[in-house]
Amino acid sequence: GDMEQWQRFNNSLLLRGAMRISGVYPEAKNIVETIAGNPTKYPLIDSNDDNAYFWWTGSSPYFEPWYNNKRTRDDHGFFDTFIEHLLTMEDPRLPVIAYPATTDGEYRGYVNGAKSTPSDLGLYSRVGKMFRDNPAGYTPFYKSCETYYMLAEAAMNGWNVGISAQDAYEKAVRLSMEDMGVEEADADAYLAGKGKWDNTKERIWWDQWVALFKENWEAWHLFRRTGIPTSD
């Protein structure tokens, strides 16, 4: 019922589409600069209050899908690339995104596509409480942090988007952390530590990949376009 919210969603999707084809469509630059250059005419989803989330009712049959899956099985764990990246980066979103393994309390992922089933499922992390344990949870369609990751990339392209790449990146990280309930001090420590801005698109893309958790189709498009996450 709020037309401005729909307008924000529409403009944000246009920004997403333009950035997705920016490597092969020169006109994408004009689209992005037009949107970013006039926030009054083209408001974007730029705060977590505006996130485009579909909230499930939490009663049968309208349970949040990951919760509904968990009701009858518990054999979906994380793959190793994701968990190892979060551990390496000392990312404070890890305890929100994943449970530690029940066997030894460590965060651990399984080799994606392995030929054999793990001998002990308790050795592998499960999806965290925020994302799997709420029958009335949400399915995300667009997060405010995405806006700033994309503006950071656009700024790295030399495009005029009204914000520097570093400021946009740091804003994106803080929005992602806030949305996951991470303390501000932990976000500060991450941005001063392993997640510190290094003036590369790879830093943007790796963090964007983490922030897109549960928005699986967007993470897949990011991988197809950028090669992040790499396999090494």
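Attention here is on the structure that accompanies the text. All values derive from a computational prediction rather than experimental measurement.

### Topic: the environment of Asn51
Tracing the chain through its elements places Asn51 in the loop between helix H2 (28–37) and strand E1 (52–55). Residue class for Asn51 comes out buried when judged on its relative accessible area of 11%. Once the C-alpha coordinates of Asn51 and Tyr190 are considered, the two residues, 139 residues apart in sequence, prove to be 23 Å apart. Setting aside anything within four residues of it in sequence, one finds Asn51 in contact with Ile45, Tyr142, Lys143, Ser144 and Asp179. Within the structure, the side chain of Asn51 is placed 3.2 Å from the side chain of Asn48, a separation counted as a polar contact. Engagement of the side chain of Asn51 in a polar contact is seen with the backbone nitrogen of Ser144, the distance being 2.7 Å.

### Considering a nonpolar patch on the surface
A contiguous nonpolar surface patch, about 300 Å² in accessible area, is contributed by Ile21, Val24 and Tyr25. Examined against the element boundaries, Ile21 turns out to sit in the loop between helix H1 (3–20) and H2.

### Comments concerning the packing of helix H10 (residues 201–211) against helix H11 (residues 216–226)
Contact geometry for H10 and H11: axes closest at 9 Å, N-to-C directions at 160°. In terms of orientation, H10 and H11 fall into the roughly antiparallel class. The chirality of how H10 crosses H11 is left-handed. In contact with Trp205, Gln208 and Trp209 of H10, H11 contributes Ala219, Leu222, Arg225 and Thr226.

Rules and cut-offs
- Residues numbered from 1 in each chain as written.
- Predicted model: local features only at pLDDT ≥ 70, side-chain atom pairs only at ≥ 80, totals over all residues.
- Heavy atoms only, no water.
- Helix = DSSP H or I, 4+ residues; strand = E, 2+ residues; numbered from the N terminus.
- Buried < 20%, exposed > 50% of the residue type's maximum accessible area, 1.4 Å probe, protein only.
- Contact = heavy atoms within 4.5 Å.
- Polar contact = N/O pair within 3.5 Å; in protein donor to acceptor, adjacent residues only side chain to side chain.
- Patch = residues over 30% accessible without salt bridge, like charges linked within 9 Å, V, L, I, M, F, W, Y side chains within 5 Å.
- Areas by Shrake-Rupley, 256 points an atom, 1.4 Å probe, with all protein chains shown as cover.
- Salt bridge = Lys/Arg side-chain N within 4 Å of Asp/Glu carboxyl O.
- Axes fitted to C-alpha atoms, helices over the stretch in contact; angles between N-to-C directions.
- Parallel < 35°, antiparallel > 145°, perpendicular 65-115°, else oblique.
- Left-handed = near helix turned anticlockwise from the far one by under 90°.

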